[in-house]
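Coordinate inspection notes
Each chain, letter by letter, is given below.
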Amino acid sequence: MPLTDIQDRIAKACAEAERDISEVQLIAVSKVQPLERVEQVLEQGHRLFGENRVQEAASKWPDFKTRYPDASVHLIGPLQSNKARHAMELCDAIHSVDRPKLATTLARLAQEIGNCPDLFIQVNTGEEPQKAGVLPAEADQFIADARALDLPIKGLMCIPPVEETPSLHFSLLRKIAERNGLAGLSMGMSADFEQAIAFGATHIRVGSAIFGDRVKPAE
Ligand SMILES: *Cc1c(COP(=O)(O)O)cnc(C)c1O
């Protein structure tokens, strides 16, 4: 689907939710997409992209950024502590802060580097054992601890279970964000970004609807 169609759908969803379109950022998820397709989207003027692996982000974005200096990349996939420094150098935001060890590592590196990307805490709203993220019941404490480390926590992120109604998860995430005074909500993907916008998403992460099906399976 062309980028302009997605932008139209975002505009319509914002109008229906009586939200200003400037409140919703479209993250074009370019993981495992051929470089030509990513370049096409850059050529259309889009500048915000999402990657789920540090290695993969490192293999394409430094190059793209020399040609499109205002491009920005958000890490949306799991981050190992030993890749945190690299992620902080490459990315303008990390959406997958999901455990105390990663939070302390990011805090130490932020001190060292003197800078830190915007951070989102991933909440495992579906309490799925195989999925990353802090449990909803532990979220308030985790957010408080991350703030105590001086980390720039901007919001929360979730990936709803595939077989469940996403809106229940979107509303739960929003509730946790609201009671913690967090403005950012990273939620909504190709299949459900309009619903996410209705529930207050500030960052939607859309891959296949923009780029077409991923050529290789994503993790
Ligand atoms: C791949 C991915 C997306 C995009 O998924 P689509 O269904 O292709 O839009 C969004 N968020 C995360 C965390 C992802 O890994």
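Anything mentioned here points back to the structure above.
Description of the structure in this document. Model, not experiment: these values are computed from the prediction.

Digging into the overall build of the chain
The helix and strand inventory of the chain stands at nine helices and eight strands. For the chain, whose C-alpha radius of gyration is 16 Å, the value lies close to the compact-globule estimate of 17 Å for 219 residues. Across its three principal axes, the chain shows a C-alpha extent of roughly 40 × 40 × 30 Å. Taking all 219 residues of the chain together, 52% fall into the buried category. Across the chain, the fraction of contacts at a sequence separation of at least 24, relative to all contacts at a separation of at least 6, is 59%. When the accessible surface of the chain is split by element, carbon and sulfur atoms take 50% of a total near 10,400 Å². In the chain, which carries 24 positive and 31 negative side-chain charges, the distance between the mean positions of the two groups comes to 4 Å.

Examining the packing of aromatic side chains
Applying the stated rule across the entire model yields two aromatic pairs. Pairing Phe49 with Trp61 gives two aromatic rings, centres 4.8 Å apart and planes at 40°, and the pair type is tilted. Taken as a pair, Phe49 in strand β2 (residues 48-51) and Trp61 in helix α3 (residues 54-67) lie far apart in primary sequence, 12 residues in all. Here the two residues Phe49 and Trp61 agree in accessibility, since each one is buried. Pairing Trp61 with Phe64 gives two aromatic rings, centres 5.0 Å apart and planes at 55°, and the pair type is tilted. You can see Trp61 and its partner Phe64 sitting in helix α3, three residues apart, about one turn around the helix. Take Trp61: its relative accessible area is 1%, and that puts it in the buried class. Clustering of aromatic rings is evident, with ring pairs tying together Phe49, Trp61 and Phe64.

Points about the site of the ligand
Every residue close to the ligand is listed here: Val29, Lys31, Ile76, Met157, Ile159, Met189, Ser190, Arg205, Val206, Gly207, Ser208 and Arg214. Arg205 is positioned with one of its side-chain polar atoms (N or O) 2.9 Å from a nitrogen atom of the ligand. Between an oxygen atom of the ligand and a main-chain N or O atom of Ser208, the distance comes to 2.8 Å. A total of 390 Å² of accessible area belongs to the ligand in isolation, and the protein chains cover 90% of it.

What to know about α3
Look at α3: 20 Å from first C-alpha to last across 14 residues, which is about the 20 Å you get at 1.5 Å a residue. The largest bend in α3 is about 35°, located at Trp61, with the proline Pro62 one to four residues further on. Inspection of α3 places Val54, Glu56, Ala57, Lys60, Trp61 and Phe64 among the buried residues, and these make up the whole buried set. Tucked into the core, α3 has its buried residues touching α2 (35-43), β2, β3 (72-75) and α4 (84-90).

Brief notes about the packing of α2 against α3
Interhelical geometry of α2 versus α3 gives an angle of 35° and a closest axis separation of 12 Å. Between α2 and α3 lies a crossing whose hand is right-handed. Contact residues: Leu35, Val38, Glu39 and Leu42 in α2; Lys60, Trp61, Phe64 and Arg67 in α3. By residue class, the composition of the contact of α2 with α3 is five nonpolar, no polar and three charged.

Analysis parameters
- Residues numbered from 1 in each chain as written.
- Predicted model: local features only at pLDDT ≥ 70, side-chain atom pairs only at ≥ 80, totals over all residues.
- Heavy atoms only, no water.
- Helix = DSSP H or I, 4+ residues; strand = E, 2+ residues; numbered from the N terminus.
- Rg over C-alpha atoms; globule rule 2.2 N^0.38 Å.
- Buried < 20%, exposed > 50% of the residue type's maximum accessible area, 1.4 Å probe, protein only.
- Contact = heavy atoms within 4.5 Å.
- Areas by Shrake-Rupley, 256 points an atom, 1.4 Å probe, with all protein chains shown as cover.
- Lys, Arg positive; Asp, Glu negative; His and termini not counted.
- Charge placed at Lys NZ, Arg CZ, Asp CG, Glu CD.
- Phe/Tyr/Trp six-rings, centres within 6.5 Å; stacked < 30°, edge-to-face > 60°.
- Near = heavy atom within 4 Å.
- Polar contact = N/O pair within 3.5 Å; in protein donor to acceptor, adjacent residues only side chain to side chain.
- Expected span 1.5 Å × (residues − 1).
- Bend = angle between axes of the 7 residues up to and from the residue.
- Axes fitted to C-alpha atoms, helices over the stretch in contact; angles between N-to-C directions.
- Left-handed = near helix turned anticlockwise from the far one by under 90°.
- Nonpolar A, V, L, I, M, F, W, Y, C, P; charged D, E, K, R; others polar.

These figures capture arrangement, not role.
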